[in-house]
Amino acid sequence: MPAINGDRLWADIVATAGFGGTDKGGVTRLTLTEEDRQVRDWFIAECRSLGCTIEVDRIGNIFATYPGEDPSLPPIAVGSHLDTQPQGGRFDGILGVLAGVELIRTLKETATVLRHGLTVVNWTNEEGSRFSPAMMGSGVFSGASRLEAIEALIDRDGKTVLAALETIGYRGETAVGHVGFAAYVELHIEQGPLLEATATEIGIVTGVQGVRWFDVTITGTEAHAGSTPMAQRDDALVAASEIVLAVRDIARRHAPGVGTTGSAAVGPNSRNVVPGSVQLQIDMRHPFEAGLDQMQAALEQAIGAIDARVALSHIWSKQPVVFDPGIVDAVRASAATLGYSATEVVSGAGHDAAHIAGRCPTAMIFVPSKDGLSHNEAEYSSPEECARGADVLLQTVLQIDLK
Ligand code: GLV
Ligand code: MN
Ligand code: MN
Ligand code: MN
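Here we summarise the structure given alongside this text.

What counts and what doesn't
- Residues numbered from 1 in each chain as written.
- Chains lettered and ligands numbered in written order.
- Predicted model: local features only at pLDDT ≥ 70, side-chain atom pairs only at ≥ 80, totals over all residues.
- Helix = DSSP H or I, 4+ residues; strand = E, 2+ residues; numbered from the N terminus.
- Expected span 1.5 Å × (residues − 1).
- Buried ≥ 20, exposed ≤ 12 C-beta atoms within 10 Å, placed from the backbone.
- Arc of directions from axis to C-beta.
- Pairing = 2+ DSSP bridges.
- Axes fitted to C-alpha atoms, helices over the stretch in contact; angles between N-to-C directions.
- Contact = placed C-beta atoms within 7 Å.

### Structural notes on helix H10 (residues 325–337)
- Over its 13 residues, H10 runs 18 Å from end to end, which matches the ideal 18 Å to within 8%, given 1.5 Å per residue.
- Buried within H10 are the following residues: Ile 327, Val 328, Ala 330, Val 331, Ser 334 and Ala 335. Summarising the axial view, the buried residues of H10 lie within an arc of 155°, below the 170-degree limit, and thus occupy one face.
- At the C-terminal side of H10, Gly 339 shows a positive phi close to 75°.

### Some words on the sheet that holds strand S11 (residues 277–286)
- Pairing within the open sheet is antiparallel, and its 4 strands lie in the order S9-S11-S7-S12. Looking at strand neighbours, the two that pair on one side only are strand S9 (258–267) and strand S12 (309–318), the edges of this open sheet. Ignoring which end each strand starts from, the neighbouring axes of this sheet average 15° apart.
- Pairing analysis gives 10 bridges linking strand S7 (residues 210–219) to S11, with the strands arranged antiparallel. Its bridge partner lying in S11, Trp 213 is registered against Asp 283.
- On the sheet, helix H8 (residues 236–253) packs against S7, S9, S11 and S12 and is oriented at approximately 170° with respect to S9.

### Considerations on unusual backbone geometry
- Following Ala 255, the chain continues into Pro 256 via a peptide bond in cis, with omega recorded as 5°.
- Relative to the elements of secondary structure, Pro 256 occurs in the loop between H8 and S9.
- The step from Gly 267 to Pro 268 runs through a cis peptide bond, and the omega angle for that step is -5°.
- Unlike most non-glycine residues, Gln 87 shows phi in positive territory, near 50°.
- Looking at the secondary structure, you find Gln 87 in the loop between strand S3 (76–80) and helix H3 (94–109).
- By C-beta crowding, Gln 87 is classed as partly exposed, having 13 other C-beta atoms within 10 Å.
- Despite not being glycine, Asn 125 has its phi angle at roughly 50°, a positive value.
- Following the sequence through the fold, Asn 125 ends up in the loop between strand S4 (118–122) and helix H4 (136–142).

Following this line, the structure appears as structure tokens:
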């Protein structure tokens, strides 16, 4: 039975953490930045040296394909994303891509020839931090978003996705959605506490909870902080604070839903000016669409009850996804073959696999996250945990290849 080389995988995790590495041992590698270009170039060079063909599509998704025996079969795909959050970790996303590279190395050195080709994919902008929405490249690939609409989106500096792709040289030639896959399997860190708390080695991911994103603009009146009486203020930040608390309370009332106000921009953002404007970015998630509907209705009601000028826009959503039972079974059987403890989980975080599930049979594999931390520089999964995940990925691919 071929097995991956855990030391080699770990060396890649350490090496790639240098692209955008932070002083505190994390990574800031926002999508389509210079750091993203560097890690993309590294990934392509590595795959080319293994004998892969490389395709880059119009939205910058990268497909590195190692040939199989039967070119008439669609490839099996694995992968994830190379971008990170600001002050993010060394594992979120890149583990799934590096594990794919390690699978190819293992196939090559053990002279294991698959019937299908094996494609390792880097999806553009999974994180959605610089450009909204998240899971952008897989969203266009799956047909959930239109390429032209996505190309025109702008970051906080007014730069478009199209310009950012061109700046780093990753606006590819290939039409988006060009290829069909036999299956897609994504290895990822759990980003939550469940596996660690139950001392379980592998998460068999059966689906991904739904997400809705909202932008809120609160308009107040800028005024002097010293001379404006408290009773005469129209303070946008005070009103925004009520919304932040409402989001938390709505999530608590709709368990297992979660709600976060992750970004607030205050204008003019000066200590001695009563705030005249605030922009909030809200993220709500729930495993069921009906739960999301209830959370949204509660948010609309809470905002309606606040005595301030507030505009709410629902900017993006992704419905909950249930993964393919056949691929989930292959993950389960692979963990059992390798003797790893495993449990079924629904992903709290969003993943490109949620989009790709609409295109081909899909599932995911999780490995534990220390203290459940992710989107944090302290994010950590041990070399052994990463290696177990990559070995389950390899066995899953071998099983799918037999079908
Ligand atoms: C990004 O990583 C997300 O899950 O929203
Ligand atoms: Mn991720
Ligand atoms: Mn992430
Ligand atoms: Mn994510």
